[in-house]
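Reading the structure
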Amino acid sequence: MTARKQIRLGAHFPGVNNTTVWSDPAAGSQIAFDSFAHFARTAERGFFDFLFLAEGLRLREHRGRIHDLDVVGRPDTFTVLAALAGVTGHLGLAGTINTTFNEPYELARQFATLDHLSAGRAAWNMVTSSDAFTGENFRRGGFLAREDRYTRAREGVDVCRRCGTAGPTTPSSPTAAPGCSCATAASPTCTTRRASSTCTAGSRCRAARRATRC
Amino acid sequence: MHGRFSVPRSPQGHPVLIQAGDSAEGRDFAAATADAIFTLHGSYDAGRDFYADVKGRAVRHGRRPEDLLVLPGATFVLGDTDADAADRAVEVRRAQVGPQTAIAFLEQIWGRDLSGYDADGPLPAIDPDVDNVSITRGRVRHARDPRTVAQEWRDLAAAKGGLSIRETVIEATSRTSFIGSARTVAAELDRYVQGDACDGFILIPHLTPGGLDAFADTVVPELQDRGSLRTEYTGTTLRENLGLRPTARPATDTTRRTSA
Ligand SMILES: Cc1cc2nc3c(=O)[nH]c(=O)nc-3n(C[C@H](O)[C@H](O)[C@H](O)COP(=O)(O)O)c2cc1C
């Protein structure tokens, strides 16, 4: 008999979408740590695979005003997930993170760090919004043409994947890298070529046996 | 960009990758790259079509169908009985779409200031202003002609015996929801998964922070009894728990055979 297909479960934290009910007397804070911790512990008690945080990089506006009927603020995803890593032991921690307005290298570091802090429970929901309205919150603004959104997303993931998997399977101590005090022997070198602001080339990442660049 | 990566290899190598985005490019990106796809294709039949589509794309990218999990977002309302849950679901929808929210939804489609309309009255007779689509900004837009949507809403209101604005918005913006006793909801969720309409769900409760409590206490044991949900975590990483293959080391990584 073949094994029964197992149901995969994610738990979307309510509070930033338009289906959350606030008029219920049981409705609590969408930003207090207790709320996140309660929700995460419930998901883990229920053997969920992961907790899921959506993301909005700019508050919605309706007729020129903040649309406060369905949006009540957006805390930072990495910070929340890092905190939740400390109060859970098995639950995956999935964050929605935009590929357009974040830098691939920074994301690779943030996800690798979250993966360390949670002992292997990090997940990335990759979203590609590139509109100028959202971009106004970022220094480069609406820099990316809509048709290039997945080209840039691909680069971000590529950097994350190559940097992340090129290192040693066990963290090495700084002394393992003779001759270089700022990188371990196992730190990979990442090379990415870009043409202007959109990414046209893929990224390469080599594991360097010895430190060559710091 | 040229530099050294400053963090040692993490337990999973890189995070489990989920993709949300429904265009053809988005689906292909997921098929080539992601471990899971978050979708709003919620009904059983739409789910089966979507599932076949993206698993087929994954295979065309040289992957196995099981390398890409299909996870629709889903809401749920539980009750002691199915009838009790159905009553509660009506209350929840009315709380989600109050009079002001109903008018705001309508304004998004119509592209006009409709604040003078009564949410308990009929839909506006005037047509959408198609040049003013940005009345609401920052919401993920599903690009459809507002005139088509307006006509669909009018047809819906008429077909149901003359719905009010608020009732129409409630009907038209409802997504697949699993409503019933714990046993009913568990059976229905399982039917979707076993029937290849999806591999699981991203559940979206309507209350924070307690909206998952009843599900964990009542639906989860039912799913476990059916043999469809784990009774303990067996993997050490999320990737393992999801039944995904370990992350491959990149093809260019030929210089290191052993770790330092
Ligand atoms: C189910 C679903 C959930 C999404 N959640 C978010 C989110 O939380 N934050 C965000 O910025 N974009 C979100 N998006 C937007 C998409 O990731 C993507 O940026 C957008 O749909 C454009 O890509 P597309 O043209 O391939 O659809 C979501 C999309 C879908 C389908």
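Just so we're clear, the structure is a prediction, and the values are computed from it rather than from any experiment. (Residues numbered from 1 in each chain as written. Chains lettered and ligands numbered in written order. Predicted model: local features only at pLDDT ≥ 70, side-chain atom pairs only at ≥ 80, totals over all residues. Heavy atoms only, no water.)

Another point: the packing of aromatic side chains. Here the structure, examined in full by the defined rule, presents 17 aromatic pairs over all chains. Measuring from ring centre to ring centre gives 5.8 Å for Phe-48 of chain A and Phe-215 of chain B, while their planes differ by 65°; the resulting arrangement is edge-to-face. Highlighted residues: Phe-48 of chain A in the loop between helix H1 (33–45) and strand E2 (50–53) and Phe-215 of chain B in helix H8 (residues 213–225), drawn from two different chains. Overall, Phe-48 of chain A belongs to the buried group, its relative accessible area being 0%. (Phe/Tyr/Trp six-rings, centres within 6.5 Å; stacked < 30°, edge-to-face > 60°. Helix = DSSP H or I, 4+ residues; strand = E, 2+ residues; numbered from the N terminus. Buried < 20%, exposed > 50% of the residue type's maximum accessible area, 1.4 Å probe, protein only.)

Residues in close proximity to the ligand total 17 residues, the closest being Glu-55, Arg-149 and Tyr-150 of chain A together with Ala-20 and Ser-23 of chain B. Contacts to the ligand include Asp-22 of chain B, whose backbone N or O atom sits 2.8 Å from an oxygen atom. Ser-23 of chain B places a polar side-chain atom, nitrogen or oxygen, 2.5 Å from an oxygen atom of the ligand. In isolation the ligand offers 620 Å² of accessible surface; the protein chains occlude 85% of this area. (Near = heavy atom within 4 Å. Polar contact = N/O pair within 3.5 Å; in protein donor to acceptor, adjacent residues only side chain to side chain. Areas by Shrake-Rupley, 256 points an atom, 1.4 Å probe, with all protein chains shown as cover.)

Further remarks concern the domain arrangement of chain B. Considered domain by domain, chain B is made up of domain 1 (18–83 + 177–241) and domain 2 (98–172). Each of domain 1 of chain B and domain 2 of chain B has a C-alpha centre, and these two points are 30 Å apart. (Domains from an automatic or database assignment.)

Our focus in this paragraph is the environment of Arg-144 of chain B. Residue and element names in this part refer to chain B. With respect to the secondary-structure elements, Arg-144 resides in the loop between strand E5 (136–137) and helix H5 (146–159). We classify Arg-144 as partly exposed; its relative accessible area is 47%. C-alpha separation for the pair Arg-144 and Ile-109, spaced 35 residues apart in sequence, amounts to 9.6 Å.

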